[in-house]
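Observations on chain architecture
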Amino acid sequence: MGGPGVADAAPASRTQYSGVVNLNEASASELDLLPGVGEKAAQRIIQHRGKRPFQRVEELVRVKGFGRKKFLKLKAHLTLSGPTTLKVEQVAPTLEGKEVVAANN
């Protein structure tokens with residue numbers, strides 16, 4: 001048998017994001033799905049677009065709490081047209097090294 005805790009160690013899971021969020025139409029709960037965006041940040045996005053809809057996704061940096069670094073992390077998941085399709089999945093590697101995906105819609 002291995003040392004203490006070796007048999008009990010679970011492989012670390014990671015979060016996988018796919019799809020996009022429409023900045024001008026998404027609800028607070030849809031915006032909250034974005035990595036690093038919480039309820040308060042989602043409300044700030046909604047307040048900003050209420051005053052002036054986003055013309056470009058880069059305008060997100062004008063919202064308090066969203067700098068260039070955070071924007072670059074989110075850019076692949078942002079759009080201004082079409083439906084919000086963002087899905088968040090927990091991906092856990094199995095002992096054989098293959099990944100298991102558990103959807104969270």
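Every value quoted in this text rests on a predicted model; they were computed, and no experiment measured them.

**Regarding the pattern of salt bridges**
- Here the structure, examined in full by the defined rule, presents one salt bridge.
- Note that Glu 58 is salt-bridged to Arg 56, the shortest N-O span being 3.5 Å.

**A few points about the environment of Glu 30**
- With respect to the helices, strands and loops of the structure, Glu 30 is situated in helix 1 (residues 28–32).
- By relative accessible area, which is 28% here, Glu 30 ends up partly exposed.
- Spatially, the C-alpha atoms of Glu 30 and Thr 84 are 7.6 Å apart, while their sequence positions differ by 54 residues.
- Every residue in contact with Glu 30, bar those within four places of it in the chain, is listed here: Val 21 and Thr 84.
- At 2.9 Å, the side chain of Glu 30 forms a polar contact with the backbone nitrogen of Ser 27.

**Brief notes about the side chain of Arg 49**
- Inspection of the secondary structure assignment puts Arg 49 in helix 2 (residues 39–51).
- For the buried Arg 49, which has no salt bridge, the nearest side chain bearing the opposite charge is Glu 30, at an N-O separation of 7.2 Å.
- Within the local environment of Arg 49, its side chain forms a polar contact with the backbone oxygen of Ala 26, the two atoms lying 2.7 Å apart.
- Those residues in contact with Arg 49, other than ones at most four positions away along the chain, are Asn 22, Leu 23, Asn 24, Glu 25, Ala 26, Leu 31 and Phe 54.

Calculation notes
- Residues numbered from 1 in each chain as written.
- Predicted model: local features only at pLDDT ≥ 70, side-chain atom pairs only at ≥ 80, totals over all residues.
- Heavy atoms only, no water.
- Salt bridge = Lys/Arg side-chain N within 4 Å of Asp/Glu carboxyl O.
- Helix = DSSP H or I, 4+ residues; strand = E, 2+ residues; numbered from the N terminus.
- Buried < 20%, exposed > 50% of the residue type's maximum accessible area, 1.4 Å probe, protein only.
- Contact = heavy atoms within 4.5 Å.
- Polar contact = N/O pair within 3.5 Å; in protein donor to acceptor, adjacent residues only side chain to side chain.
- Lys, Arg positive; Asp, Glu negative; His and termini not counted.

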